[in-house]
Structure formats: C-alpha cells, structure tokens
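Overview (structure and organization)
If you want the building blocks of each chain, they are given just below.
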Amino acid sequence: MTVRTCAAVAAIVVSAGCGASSPEQPPAAGGQSPPPLNVRATTLKDGFSTLDRLAEAAKREGQLTVIGLPRDWVNYGEIIDTFSDKYGIRVTQLEPGASSKRAVDAAAQLKPDVFDLTLDVAVASAGRFAPYRVAGWQDLPDDVKDPSGAWYAAYGGYMAIGYDPRQVKPPATFADLLKPGYRVALDGDPLRSDAAFDGVMAASMDARTPRPERGVQLFAKLKRAGQLTEPAKANVIVTWDHLQAGRNGESWKVVIPGGSPLGAYHVQAISKDAPHPAAARLWQEFLFSDEGQNLLQKGYARPARGEAMLMKGTLDTEQAAKLPKASGPPVILTIPQADAAKTYLKKEWTKSVG
C-alpha cells in the first residue's frame, strides 16, 4: 500500500476527545443549505446538481456492484448494509477477497461499479476510472487525491504489532521481537501479500528512510532463531492496526512501534464503464460523508476526512480514542520506494528468509 508523498499525514493522525454527533451532510456556514455537489458525471447523459437528485437516479438504477470488499475489512459489512437500507439499493459483492490488482484486472469481465484500491494500483490504472469529486473533496489532503478526480483516499492506517500480553511483554520496537519468547508472524508471504510486504518495510525504517535490507535482516534473524512462524502459532503478528484493533481485548493488545511508523492509504475510484453510474457516485458520497467516514473509523480505520471532521465537530471522537496510539506522524512510502523495495525482496527474501 503506497502513497506518493508523506505530506498528507494529518488525516491519519486523529486526536481524541469528547464524543460528537455525525450528521451526514452538515449545513454550510450560516446555517444555509449545502452547496450543489461538484458532480463530474462524464458517463451519464444527465448531470446532477444536488445529492437528492443523485440519490433519485441511483434509486432508479436500484443496484451497485462492488469488488474486493470483505465484510470484516474496515467495517465494510455494516457500511454496505447501511448504504443499501438507506437508499433501497441492492449491493452485489464480487470476489470479496480480491486484491487491488485482481479487482482492476477483472473489471472488463465482472464489471464492478467502484473500486477500493492501494494507491500504487490506482495510479497505474487511472485511465480506467471516471473522474469524480465528492462533496467533501476540499477536506481531503491534496497529496491523497488525483487532481482530476480519478482516485481519492478514503481511509488509512498504521502498520502495527499485535501481541498476546499473557505470553510476552509489550514490544516497543521491531528490534524487541528478537528477544527470547517472541513467536512472530507476518500477515502472509511478503512476495505476494501487500500486508506482509508492508510488515517487512515497517521493520526497515531508519530515521524515516525505508531500507529494505534492514527488514529482511530482522526477519532472517528471527527465522534462524526459530522465532518466525505462522499466525496460528504466533504470540506476535505484524499487520495493519485496523486488523489488529478489531480483536483488541484482554488476550490481545496492539502497539504501533516507536521511531518511524509506517502508514498507508486506501483510495476509491469509479469505473468509467460502471453499469450503475449514479449508484457508483452515490456510494462515493456515502463513503465520504460524515456518516460513512465514522463507519470506517468504527472498523478502526483512520478516515481521510478525519482532521476536517474533528475541526467541524462531526468526528466520532469516542471511537477515535479507541484507535491504537502512534508516537508521531507516519512515513508514507513513495511509489518509487515501494517498487525498489519489492525488487530487492524478490532477489533477497527467499534466499535469506525462505
């Protein structure tokens, strides 16, 4: 999961305070009605000027097709059900476990309306998307949205260490995992899994600079010590904080390592060949509304509009307080950094770690 620059970290870092309500479409300054939506419906015969008109057209279509959205990923199950109930639109879920690349590659055959993608895949596939700017566009940091509206970040997260406090002490850094007693697992094979690759990269940070050889060396040492294992046998798992925090409790704790924490965003896009173009745009409006962003946060994701919502008093700060705490702003890998690291791992991981 990659983002081109690290300037837009504020949307990942969410402050915690008292609870707040979350109206879906807050009024503009002075209590006036919201301004018309900036809808760039290039594949439609008729444009829309308000959310109500967009919703009417989407209801007439009656359907939305999504791909690669597991119901247990950032609370997508509740998000899909809420959207469907709210607008009376049937949501068809294709290949919930599909990777970002698979979702884009399968689009010509399966014809989804919308995508949830890692940024590297979105940037490489931008020509396949219909430009669109959601009503909350101005709240999104500039570096996590394409100026033309081809893609735009919805949520982010930190790479974290989850651990069983009954068996091991809280690790403060990745180097602590080399101490006796830690049985460590990645979330898959780093040559095939984005989460596992990012786990290695999180362990590679050196003064906010990714050095993939450091990550490979750490996991090679764990392997030689017999401490690198599979998740079912581990008392420590390295993966995204929103996956860890969902199981947080007495038997599982989550820590974002100090130093240079790794972060990433997931972005949204509309297929330029969307069979249900109005429903696709309404889905984006819902995801980026206060309601949708708070539902993503309920799944322990960091909403991309979080900073703006906090300032407006529409962020669910009670839920924000439950998110794992980070020592500072995250490092966001650039696409060239991620590409170089993947090339290095292809050469070194198997012979060093196996």
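In case you missed it, the structure is sitting above this.
An account of the accompanying structure is given in this report.

Thresholds applied
Residues numbered from 1 in each chain as written. Predicted model: local features only at pLDDT ≥ 70, side-chain atom pairs only at ≥ 80, totals over all residues. Heavy atoms only, no water. Helix = DSSP H or I, 4+ residues; strand = E, 2+ residues; numbered from the N terminus. Buried < 20%, exposed > 50% of the residue type's maximum accessible area, 1.4 Å probe, protein only. Contact = heavy atoms within 4.5 Å. Areas by Shrake-Rupley, 256 points an atom, 1.4 Å probe, with all protein chains shown as cover. Axes fitted to C-alpha atoms, helices over the stretch in contact; angles between N-to-C directions. Parallel < 35°, antiparallel > 145°, perpendicular 65-115°, else oblique. Nonpolar A, V, L, I, M, F, W, Y, C, P; charged D, E, K, R; others polar. Core = buried A, V, L, I, M, F, W, Y, C linked by side-chain atoms within 4.5 Å.

**A word on the overall build of the protein**
Counting its regular elements, the protein contains 13 helices and 12 strands. Looking at the protein residue by residue over its 354 residues, the buried ones come to 54%. Taking all contacts inside the protein whose residues are at least 6 apart in sequence as the whole, residues at least 24 apart take part in 76%. Of the roughly 15,000 Å² that the protein leaves accessible, carbon and sulfur atoms contribute 50%.

**A look at the packing of helix H9 (residues 277-288) against helix H10 (residues 290-298)**
Helices that pack against each other are described as a pair by the angle of their axes relative to one another and the distance between those axes. Interaxial distance between H9 and H10 falls to 4 Å at its minimum, and their mutual angle equals 65 degrees. Between H9 and H10, the angle is such that the two are roughly perpendicular. Between H9 and H10, the contacting residues are Phe286, Leu287 and Phe288 on the first element and Asp290, Glu291, Gly292, Gln293, Leu295 and Leu296 on the second. When the residues that make up the contact of H9 with H10 are grouped by side-chain class, the tally is five nonpolar, two polar and two charged.

**A few points about the nonpolar core**
Core analysis: the biggest nonpolar cluster contains 61 residues, and Tyr76, Phe83, Leu117, Leu282 and Trp283 have the highest contact counts within it. The greatest single-element share of this core, amounting to eight residues, is contributed by H9. If we skip the residues at most four places from it in the chain, leucine 282 touches Leu51, Leu54, Ala55, Ala58, Phe83, Tyr87 and Ile89. Membership of the second largest hydrophobic core comes to 34 residues, among which are Leu177, Ala203, Met205 and Phe219.

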